[in-house]
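Each chain is listed here by its residues.
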Amino acid sequence: MSRFFGEIRQLGYVVKDIEAAMDYWSRTLGVGPWYYNPKVPIRNYQYRGQAYEPHNSVALANSGDVQVELIQTRNDVPSMYRDFQQAGHEGLQHVAYWTRQYDADLERLLARGFKPVMGGEVGENGRFIYFDTEYHPGTVIELSEVLGPKGALFDLIRQESRGWDGRDPIRPFPDLNTL
């Protein structure tokens, strides 16, 4: 376990074809079920201090206690995902640490010299921030708040993965306001 961040809770993969990636992960690797959102409602998104409106499709599933996130960008908004793809990459782009103490953990990381590059919010109490990787290219670190509906969604995804029998491999995201 990282002594600075806690456990890695999510592996984020940037993919060119999210439907093919979900099929591969579920059929070949037995990971699922996938909770899929074709357009994640991201609020207050910023990349390098500028506001944008990204259109990203995301699918989430668990393998044990580790969540796998598949991300496909659907527009050309500046992002670390786009940077990764423009550098000729596809695959593991970030690791995420989850927190219920977002402000305190963010302050601690900033004090350690971590530099924010990209961030926003998904639902209530669902802030996220990605840090610069200039000190180690290719290792993006995300700090993700998991309170409220986003935390409940992540709990649901983990629970549904336990004993998953392969049926209904792709499911829609539930309404975060109802969790």
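Look a little higher up for the structure.
Numbers given for residues are sequential positions, taken from 1 along each chain in its written order. Only residues with pLDDT of at least 70 are given local features in this predicted model, and only at 80 or more are side-chain atom pairs given and counted; all residues enter the totals for whole chains, interfaces and linings. With hydrogens and water stripped out, all remaining heavy atoms of the structure feed into the side-chain values.

A short note on the layout of surface pockets
Note on definitions: the grid is 1 Å and covers protein atoms alone; a cavity is a set of points where a 1.4 Å probe fits but cannot get out; a pocket is an open set with protein on both sides within 12 Å along at least five of seven lines; lining residues have an atom within 4 Å of a point. Grid points are joined across faces, edges and corners, and a volume is the space filled by probe spheres set on the points. The computed volume of the second largest pocket comes to approximately 180 Å³. What lines the second largest pocket is a set of 14 residues, and nearest its centre among them are Gln 46, Met 118, Gly 119, Gly 120 and Ile 129. A helix here means a DSSP run of H or I that spans at least four residues, while a strand means a run of E at least two residues long, and both kinds are numbered starting from the N terminus. Only β3 (42–47), β8 (116–122) and β9 (127–131) provide two or more residues apiece to the lining of the second largest pocket. When residues of the lining of the second largest pocket are assigned to their parent elements, the largest contribution, six residues, is made by β8.

So, empty space enclosed by the protein
Taken as a whole and judged by the stated rule, the model has two cavities of 30 Å³ or more. Considered as a void within the structure, the largest cavity measures approximately 280 Å³ in volume. Around the largest cavity, the lining comprises 19 residues; the ones closest to its centre are Val 40, Val 58, Glu 69, Val 122 and Phe 128. Broken down by secondary-structure element, the contributors of at least two residues to the lining of the largest cavity are β3, β5 (56–63), β8, β9, β10 (140–145) and α4 (148–161). Of the residues contributing to the lining of the largest cavity, the split by class is 13 nonpolar, three polar and three charged. Computed from the structure, the second largest cavity encloses a volume of approximately 30 Å³. What lines the second largest cavity is simply Pro 54, Asn 56, Thr 73, Asn 75, Val 77 and Ser 79. Residue composition of the lining of the second largest cavity, grouped by class: two nonpolar, four polar and no charged. Residue classes follow a fixed rule: Ala, Val, Leu, Ile, Met, Phe, Trp, Tyr, Cys and Pro count as nonpolar, while Asp, Glu, Lys and Arg count as charged, and any other residue, Gly among them, counts as polar.

Quick word on the pattern of salt bridges
A side-chain nitrogen of Lys or Arg and a carboxyl oxygen of Asp or Glu constitute a salt bridge if their distance falls within 4 Å. Considering all chains together, one arrives at 11 salt bridges under this definition. The salt bridge involving Asp 65 is made with Arg 162; its shortest N-O contact spans 3.4 Å. Taken together, the positions of Asp 65 in the loop between β5 and β6 (66–73) and Arg 162 in the loop between α4 and β11 (170–172) put the pair 97 residues apart, joining distant regions of the chain. Taken together, the shared-partner salt bridges connect Asp 103, Arg 127 and Glu 145 into one network.

Here's the deal with helix α3 (residues 102–111)
Regarding α3, the residues found buried are Tyr 102, Asp 105, Leu 106 and Leu 109. Buried positions in α3, seen along its axis, are confined to an arc of 100° and lie on one side of it. Exposed residues pointing more than 90 degrees away from the buried face of α3 are listed as Glu 107 and Ala 111. Contacts made by the buried residues of α3 are with β7 (91–99), β9 and β10. At the C-terminal side of α3, Gly 113 shows a positive phi close to 100°. Only protein chains enter the accessibility calculation, which uses a 1.4 Å probe; a residue whose area is less than 20% of its type maximum is buried, one above 50% is exposed, and one in between is partly exposed. For this quantity, the arc is that covered by the directions from the helix axis to the C-beta atoms. When checking whether two residues touch, look at their non-hydrogen atoms; a contact exists if any pair is within 4.5 Å.

Digging into the sheet that holds β8
If DSSP finds at least two bridges between two strands, the strands pair. Taken in spatial order, the 11 strands make up an open sheet running β4-β3-β8-β9-β10-β7-β1-β6-β5-β2-β11, and their pairing is mixed. Only two strands of the sheet have a single neighbouring strand rather than two, namely β4 (50–51) and β11. Of the pairings in the sheet, the one linking strand β1 (residues 10–14) to β7 comprises five bridges and is antiparallel in character. Looking at the pairing, Leu 11 lines up with Val 95 of β7. Taken strand by strand, helix α1 (residues 18–27) contacts β1, β2 (34–37), β5, β6 and β11, and its axis lies near 155° from that of β6. Lines fitted to the C-alpha atoms define the axes, with helices restricted to the stretch that makes contact. Angles between their N-to-C directions range from 0 to 180 degrees. Helix-sheet contacts for α4 involve β1, β2, β5, β6, β7, β8, β9, β10 and β11, and the interaxial angle to β5 is about 50°.

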